[in-house]
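# Tertiary structure, described
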Amino acid sequence: STLFPYTTLFRSHTADVKTQKDLAEIYFRAGLQHLKSGKVESGQRNSLDVKEKYFKKAILLDPENQKYIFFLSLCEIELENYRQAKDYLEKLLILKKDESKFRYYLAVIQLKTGDKEDALKNLKELAVSQFNDDYKLHAKYVLANECIQDHNYSQAINILEGIL
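The model shown is predicted, which means the values in this text are computed figures rather than measured ones.

Okay, the confidence of the model for the protein next. On average, the protein scores 83 in pLDDT, and the residues at 70 or more come to 81%. Ranking the helices and strands of the protein by mean pLDDT puts helix 6 (residues 100-112) first, with 95, and helix 1 (residues 4-11) last, with 54. For the stretch residues 39-45, pLDDT sits under 50, and the model shows 15 contacts to residues farther than four places along the chain or on other chains.

Set out below in structure tokens:
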């Protein structure tokens, strides 16, 4: 395993909170490395399982770390484990209510699972929020797309003109 030298070193100091957080960061970075490389360890079903495994280990050691929870939620979305991804994103919104990417991905899951009413509510809140980032912009595009699907072309045009 990629982490063997590190885990052996840290096993003898597991009661130390700082050491646990350091080990959590190592697991997280291993998960990121797998995200970047697409590498699959032997015996693993696929690379998403490997990434999910590392992110879950990181969260076990540092359960309130928003970065770890967020990346695990993205893996769960890719694995189509929408209920788990939604639970993680809702936890993140409790920890940090003013994070646009958490609300955006929650809305995406809601759309994928047929909860259009809540998805549109989240997207509209994000579209008029104080954020000026890509997630706010993407929320507007998704809203415009939903208007087009509902044959509400004038509202879609208004949203898209507001982006320009």
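Still more ground to cover, so stick around.
The next thing to look at is the packing of aromatic side chains. For any pair of aromatic rings, the description consists of the separation of the ring centres together with the inter-plane angle of the planes. Going through the model one piece at a time under the given rule, you end up with eleven aromatic pairs. Grouping aromatic residues by their ring pairs yields a cluster made of Phe 28, Phe 55, Tyr 68, Phe 70, Phe 71, Phe 102, Tyr 104, Tyr 105 and Tyr 135. One residue, Lys 53, lies across the ring of Tyr 54, its end atom 4.9 Å from the ring centre. Sitting over the ring of Phe 70, Lys 101 keeps its end group 4.7 Å from the ring centre.

Moving on, we come to a nonpolar patch on the surface. A surface patch of nonpolar side chains, about 510 Å² in accessible area, is lined by Leu 137, Tyr 141, Ile 148, Tyr 153, Ile 157 and Leu 160. Elements with a contribution of two residues or more to the nonpolar patch: helix 8 (134-149) and helix 9 (153-163). With respect to the element layout, Tyr 153 can be found in helix 9.

Between its terminal C-alpha atoms helix 8 stretches 22 Å, which fits the 22 Å expected from 16 residues at 1.5 Å a residue. Along helix 8, the positions that sit buried rather than exposed are Lys 136, Ala 139, Val 142, Leu 143, Ala 144, Glu 146 and Cys 147. Downstream of helix 8 by one or two residues, His 151 has phi in the positive range, about 60°.

Bringing the environment of Asp 115 into the picture now. Locating Asp 115 in the fold gives a position in the loop between helix 6 and helix 7 (116-127). Its relative accessible area of 22% is what places Asp 115 among the partly exposed residues. Setting aside residues up to four positions removed in sequence, Asp 115 forms contacts with Lys 86 and Gln 110.

Interaxial distance between helix 8 and helix 9 falls to 7 Å at its minimum, and their mutual angle equals 160°. Considering the angle they form, helix 8 stands roughly antiparallel to helix 9. As for how helix 8 packs across helix 9, the hand of that crossing is left-handed. Listed contacts from helix 9 to Leu 137, Lys 140, Tyr 141, Leu 143, Ala 144, Cys 147 and Ile 148 of helix 8 are Tyr 153, Gln 155, Ala 156, Ile 159, Leu 160 and Ile 163. Looking at the contact of helix 8 with helix 9 residue by residue, the classes come out as eleven nonpolar, one polar and one charged.

Definitions and limits used
- Residues numbered from 1 in each chain as written.
- Predicted model: local features only at pLDDT ≥ 70, side-chain atom pairs only at ≥ 80, totals over all residues.
- Heavy atoms only, no water.
- pLDDT = per-residue confidence, 0-100.
- Helix = DSSP H or I, 4+ residues; strand = E, 2+ residues; numbered from the N terminus.
- Contact = heavy atoms within 4.5 Å.
- Phe/Tyr/Trp six-rings, centres within 6.5 Å; stacked < 30°, edge-to-face > 60°.
- Lys NZ or Arg CZ within 6 Å of the ring centre and 35° of its normal.
- Patch = residues over 30% accessible without salt bridge, like charges linked within 9 Å, V, L, I, M, F, W, Y side chains within 5 Å.
- Areas by Shrake-Rupley, 256 points an atom, 1.4 Å probe, with all protein chains shown as cover.
- Salt bridge = Lys/Arg side-chain N within 4 Å of Asp/Glu carboxyl O.
- Expected span 1.5 Å × (residues − 1).
- Buried < 20%, exposed > 50% of the residue type's maximum accessible area, 1.4 Å probe, protein only.
- Axes fitted to C-alpha atoms, helices over the stretch in contact; angles between N-to-C directions.
- Parallel < 35°, antiparallel > 145°, perpendicular 65-115°, else oblique.
- Left-handed = near helix turned anticlockwise from the far one by under 90°.
- Nonpolar A, V, L, I, M, F, W, Y, C, P; charged D, E, K, R; others polar.

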